[in-house]
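In case you want the letters, here they are:
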Amino acid sequence: MKDRIISIEAMEILDSRGNPTIRTRVSLENGVCGTASVPSGASTGENEALELRDGDKSRYGGKGVLKAVENVNREIAPELLGMTPDRQAEIDRMMLKLDGTSAKSNLGANAILSVSMATAATAAKSHNVPLYAYLGGVSGFRLPVPMMNIINGGEHADNSVDLQEFMVIPSGAPSFREALRYGAETFHALKKILQSKGYATSVGDEGGFAPNLKSNEEACEVIIEAIQAAGYEPGKDIFLALDAAASSFCNQGSYVFQKSGSGTKNSTEMLGFYGSMVEKYPIVSIEDPMDEHDWDGFSAITKKLGDKIQIVGDDLFVTNTDFVRKGISKKAANAVLIKLNQIGTVSETLATIQLCQKSGWNYIISHRSGETEDTFMADFAVAMAGGQIKTGSASRSERIAKYNRLLEIEAELGESAIFGS
Ligand code: PGA
Ligand code: ZN
């Protein structure tokens, strides 16, 4: 057997915000090796698996990941040497056992996930198949519609927009390649419009613009204008989506629109706010409309709008089957945002996706606001065949790397590629 793991080595690298993160390489006896780098969020859910940081203020303000690196090299690696990388479930289970906590707080979810992802990447190479085919088998041929975050607010931008993300969804396009073009052209049209109105066109963490708009509504208005200026029809070629990331502006049950200075709302008033946004604009998806503790608010908005649009839980579900199960029983949403690093292993992420599939819920494979050039998630999105991906705007190479990988996969699949959900 030449495909046994002979080394697992981690190192500290930087993410797109210049903060440390972890990259791991798994090497096999036959010379094959695969690497994976772990992303990092800013508006994280409380119940996410623990991202282990050193806390040593003399390095990177305490954000170093040398302990996580050491955990891979000294704790995890010796346990896994000699195994073959296609035993994904077993490898993940062994790491969970070694860690022994539900939040992965001993070894760190960043340490564990880097090994989990690198294991899958290595197994695919060892079998001489692309990662999407290895992970998706015969169902790995559906290219996702991109949800492109072209205006950034909330914790991702220093501006006066409360909601975190305003996205365009070019689902009227005939293929991924064309959808990406629709989105990129809209992004460029938006830049011109913002410039003409005297707004800044610097970009936020996910590559969207971060102008100092006066209101959340104005963000939708300028996007509609941009879609038209690019030659597309809003509500036919291109739709809108929001990620409120409402936990980030909720204070003791009240939603505080502090950045725009437009006051405080309770859960019922938020419902009214979203209802009017959906009436005014072609919005087809709203993520984290309520705080992650406001299950009743989530159920109320799903009851009110869930037949018409997608209600997505991100901080609410943290890619964890326990929370998704609770959400299904409470009818708290109808879709789940999937982030590998919220839960910390490939196997557990697969379990959450399988639960969505079984329950008829949508799921969206997502990046984090702090990313690297790693393109694992692009292959993962095709393999999981959910038809939707969230990986930022049409700028910043850490976002574009995923789009370019999807273009590559689409070209490789040729006629057999299916687009969208
Ligand atoms: P995060 O944001 O990566 O900063 O958590 C992304 C999101 O909320 O979807
Ligand atoms: Zn979110």
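Refer to the structure printed above.
Residues numbered from 1 in each chain as written. Chains lettered and ligands numbered in written order. Predicted model: local features only at pLDDT ≥ 70, side-chain atom pairs only at ≥ 80, totals over all residues. Heavy atoms only, no water.

1. A word on the overall build of the protein
For clarity, the threshold we go by: Going along the chain from the N terminus, every DSSP run of H or I of four or more residues is numbered as a helix, and every run of E of two or more is numbered as a strand. Radius of gyration: over C-alpha atoms. The globule rule applied is 2.2 Å multiplied by the number of residues raised to the 0.38 power. Each residue is assigned to one of three classes by its accessible area relative to the maximum for its type, calculated with a 1.4 Å probe on protein chains only: buried under 20%, partly exposed between the two thresholds, exposed over 50%. Residue burial considers only the protein chains on display, and all accessible areas are found by Shrake-Rupley using a 1.4 Å probe. Charged residues are defined narrowly, with Lys and Arg counted positive, Asp and Glu counted negative, and His plus the chain ends left uncounted. Here the site of a charge means NZ on Lys, CZ on Arg, CG on Asp, or CD on Glu.
Looking only at helices and strands, the protein has 13 helices and 17 strands in total. In terms of C-alpha radius of gyration, the protein reaches 21 Å, essentially the compact-globule figure of 22 Å for 421 residues. By principal-axis analysis of the C-alpha atoms, the protein measures approximately 60 × 50 × 45 Å. The buried share of the protein, taken over its 421 residues, is 60%. Accessible surface for the protein amounts to roughly 16100 Å². Of this, 47% is attributable to carbon and sulfur atoms. Charge centroids of the protein, computed over 42 positive and 54 negative side chains, lie 1 Å from each other.

2. Notes on the packing of aromatic side chains
For the record, the criterion: Stacked, tilted and edge-to-face pairs are distinguished by plane angle, under 30 degrees for stacked and over 60 for edge-to-face with tilted covering the rest, among Phe, Tyr and Trp rings (Trp via its six-membered ring) whose centres lie within 6.5 Å. Either the NZ atom of lysine or the CZ atom of arginine qualifies as a charge over a ring when it sits within 6 Å of the ring centre and within 35 degrees of the ring normal.
Evaluated as defined, the whole model comprises 10 aromatic pairs. Ring geometry for F249 versus Y255: centroids 6.2 Å apart, planes at 70°, classification edge-to-face. Like Y255, F249 is buried. An angle of 85° between the planes, with centres 5.4 Å apart, marks the rings of F257 and F273 as edge-to-face. Placement of F257 in the loop between strand 10 (254-256) and strand 11 (264-265) and of F273 in helix 7 (residues 267-280) is noted, with a sequence separation of 16 residues between them. Both residues of the pair, F257 and F273, count as buried. Sitting over the face of the ring of F257, K265 holds its NZ or CZ atom 5.1 Å from the ring centroid.

3. Some words on the coordination of the zinc ion (ligand 2)
Operational definition: Ligating atoms shown are N, O and S within 2.8 Å of the metal, or 3.2 Å for Na, K and Ca, and water is not included, meaning a site may look less than complete.
In this structure, D243 (OD), E287 (OE) and D314 (OD) serve as the protein donors to the zinc ion (ligand 2), at separations of 2.0 to 2.2 Å. Going along the chain, you hit the donors of the zinc ion (ligand 2) in the pattern D-x43-E-x26-D. Here the residue D243 occupies a position in strand 8 (residues 239-243), and E287 occupies one in strand 12 (residues 283-287), the gap between them amounting to 44 residues. By relative accessible area, which is 2% here, E287 ends up buried.

4. Here we look at the site of ligand 1
Filter applied, for reference: One heavy atom within 4 Å of a molecule or strand makes the whole residue count as near it. Within 3.5 Å is the distance limit for a polar contact, defined as a pair of N or O atoms, with the added protein rule that one can donate a hydrogen and the other accept it, and that residues adjacent in sequence qualify only through two side-chain atoms. Polarity classes work like this: nonpolar for Ala, Val, Leu, Ile, Met, Phe, Trp, Tyr, Cys and Pro, charged for Asp, Glu, Lys and Arg, and polar for all others, with Gly in that last group.
Lining the immediate surroundings of ligand 1 are 15 residues, of which A42, H156, Q164, R368 and S369 lie closest. At 2.6 Å, a backbone N or O of A42 approaches an oxygen atom of ligand 1. Contact between ligand 1 and S369: an oxygen atom at 2.6 Å from a side-chain N or O atom of the residue. Of the residues belonging to the shell around ligand 1, the class tally is two nonpolar, five polar and eight charged.

5. Some words on the environment of A121
Formally: Contact criterion: two residues are considered in contact whenever any of their non-hydrogen atoms come within 4.5 Å of each other.
For A121, the location among the structural elements is in helix 3 (residues 109-126). A121 sits in the buried class, given a relative accessible area of 14%. On a C-alpha basis, the gap between A121 and L131 in space is 6.2 Å, while along the polypeptide they are 10 residues apart. With sequence-adjacent residues up to four places away left out, A121 is seen in contact with T35 and L131.

6. Structural notes on the pairing of strand 12
Where we set the bar: The criterion for strand pairing is that DSSP finds at least two bridges linking the strands in question.
Among the five residues that make up strand 12, four are buried, leaving the element largely enclosed by the rest of the structure. One ladder, built from four bridges, connects strand 8 with strand 12; its direction is parallel. Directly across from L242, in strand 12, lies its bridge partner I286. Bridge count for strand 12 against strand 13 (residues 310-313) is three bridges, and the pairing is parallel.

7. Considerations on the sheet that holds strand 9 (residues 250-251)
Strand order in this open sheet of three strands is 9-10-11, and the pairing throughout is antiparallel. Unpaired on one side and paired on the other, strand 9 and strand 11 mark the two borders of the sheet. The pairing of strand 10 with strand 11 spans two bridges and is classified as antiparallel. By the bridge assignment for strand 11, Y255 is matched with K265.

8. Quick look at unusual backbone geometry
Look at K104: it is not a glycine, yet its phi comes out positive at around 60°. Mapped onto the elements, K104 comes out in the loop between helix 2 (88-99) and helix 3. With a relative accessible area of 3%, K104 lands in the buried category.

9. A word on the packing of helix 1 (residues 66-80) against helix 3
The packing of two helices is summarised by the inter-axis angle and the distance between the axes. Defined as follows: Only the stretch in contact is used when fitting a helix axis, every axis being a line fitted to C-alpha atoms; angles between N-to-C directions are given from 0 to 180 degrees. With respect to orientation, any angle under 35 degrees is reported as roughly parallel, any angle over 145 as roughly antiparallel, any angle of 65 to 115 as roughly perpendicular, and every other angle as oblique. Handedness of a helix crossing follows the sense of rotation of the near helix relative to the far helix, less than a right angle counterclockwise being left-handed and clockwise being right-handed.
Two elements in contact, helix 1 and helix 3, have axes separated by 9 Å at closest approach and are oriented at 50°. Put simply, helix 1 runs oblique to helix 3. As helix 1 packs across helix 3, the resulting crossing turns out to be right-handed. Taking contact as the criterion, the partners of A68, N71, V72, I76 and L80 in helix 1 are, on helix 3, N110, A111, I112, S114 and V115. Here the residues of the contact of helix 1 with helix 3 are counted per class, giving seven nonpolar, three polar and no charged.

10. Some thoughts on the pattern of salt bridges
The following threshold applies: Salt bridges are defined as contacts in which a side-chain nitrogen from Lys or Arg sits within 4 Å of a carboxyl oxygen from Asp or Glu.
This structure, assessed with the given rule, holds 24 salt bridges. In this structure, the salt-bridge partner of R59 is E12, at a minimum N-O distance of 2.6 Å. Of this pair, R59 sits in the loop between strand 3 (33-37) and helix 1 while E12 sits in strand 1 (residues 5-14), placing them 47 residues apart in sequence. The class of R59 is partly exposed, set by a relative accessible area of 25%.

11. Some thoughts on the side chain of E48
Within the secondary structure layout, E48 lies in the loop between strand 3 and helix 1. Ignoring sequence-local partners within four residues, the contact set of E48 consists of V318, Q342 and R368.

Structural measurements only, silent on function.
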